[in-house]
Amino acid sequence: MIHDLVVIGGGAAGFYAAAILREQSPKARILILERGKEVLTKVKVSGGDAVM
Ligand SMILES: Cc1cc2nc3c(=O)[nH]c(=O)nc-3n(C[C@H](O)[C@H](O)[C@H](O)COP(=O)(O)OP(=O)(O)OC[C@H]3O[C@@H](n4cnc5c(N)ncnc54)[C@H](O)[C@@H]3O)c2cc1C
């Protein structure tokens, strides 16, 4: 499958980049690759649950 954006790492920066592209180009095919079992772990630690 061909993607318009492939993000290495499911952290805040990667999700933000993906969100910006999706906002500008709703049909963009985006893949986020995360090596861990969960994404956005640091955001959760820092109190980001409200946005999840
Ligand atoms: C305990 C703690 C509390 C914090 N509190 C705050 C706060 O209150 N306010 C604030 O503004 N900031 C806070 N921060 C900082 C903020 O969380 C980080 O600045 C932010 O998470 C950085 O985002 P990032 O996407 O650059 O990196 P990360 O969040 O580290 O994300 C990178 C991701 O990439 C993955 N990855 C790395 N290499 C690979 C690879 N080769 N293949 C696949 N995946 C890979 C990692 O597993 C990780 O999930 C806190 C950080 C910590 C640790």
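Look up a bit, the structure's there.
Since the model is a prediction, treat every value here as computed from it, not as a measurement.

Let us look at the overall build of the chain. Within the chain, the secondary structure is distributed over 2 helices and 2 strands. Each helix and strand of the chain, ordered N terminal to C terminal, gives the series β-α-β-α. Along the three orthogonal principal directions, the C-alpha set of the chain runs to about 30 × 25 × 15 Å. Buried positions account for 15% of the 52 residues belonging to the chain. Across the chain, the fraction of contacts at a sequence separation of at least 24, relative to all contacts at a separation of at least 6, is 58%. Of the roughly 4,300 Å² that the chain leaves accessible, carbon and sulfur atoms contribute 59%. Averaging the locations of the 7 positively and 5 negatively charged side chains of the chain gives two centres separated by 5 Å.

Let's shift gears to unusual backbone geometry. One non-glycine residue with positive phi stands out, namely Leu 40, at about 55°. Along the chain, the position of Leu 40 falls in the loop between β2 (30-33) and α2 (41-45). Its relative accessible area of 11% is what places Leu 40 among the buried residues.

Turning our eyes to something else, we now look at the pairing of strand β1 (residues 5-8). In this structure, β1 lies alongside β2, joined through 4 bridges in parallel fashion. Each bridged residue has a counterpart across the sheet, and for Leu 5 the counterpart in β2 is Ile 30. Taken together, β1, helix α1 (residues 12-24) and β2 constitute a β-α-β crossover, and its handedness is right-handed.

Within the structure, the ligand sits among Ile 8, Gly 9, Gly 10, Gly 11, Ala 12, Ala 13, Leu 33, Glu 34, Arg 35, Lys 42, Val 45 and Ser 46. At 2.8 Å from an oxygen atom of the ligand is found a main-chain nitrogen or oxygen belonging to Ala 13. In this structure, Arg 35 approaches the ligand through a main-chain N or O atom, which is 3.1 Å from a nitrogen atom. In isolation the ligand has 1,000 Å² of accessible area, and contact with the protein removes 47% of it. Residue assignment for the shell around the ligand shows that the elements contributing at least two residues are α1 and α2.

Reading guide: rules and limits
Residues numbered from 1 in each chain as written. Predicted model: local features only at pLDDT ≥ 70, side-chain atom pairs only at ≥ 80, totals over all residues. Heavy atoms only, no water. Helix = DSSP H or I, 4+ residues; strand = E, 2+ residues; numbered from the N terminus. Buried < 20%, exposed > 50% of the residue type's maximum accessible area, 1.4 Å probe, protein only. Contact = heavy atoms within 4.5 Å. Areas by Shrake-Rupley, 256 points an atom, 1.4 Å probe, with all protein chains shown as cover. Lys, Arg positive; Asp, Glu negative; His and termini not counted. Charge placed at Lys NZ, Arg CZ, Asp CG, Glu CD. Pairing = 2+ DSSP bridges. Right-handed = clockwise from strand over helix to strand, strands pointing away. Near = heavy atom within 4 Å. Polar contact = N/O pair within 3.5 Å; in protein donor to acceptor, adjacent residues only side chain to side chain.

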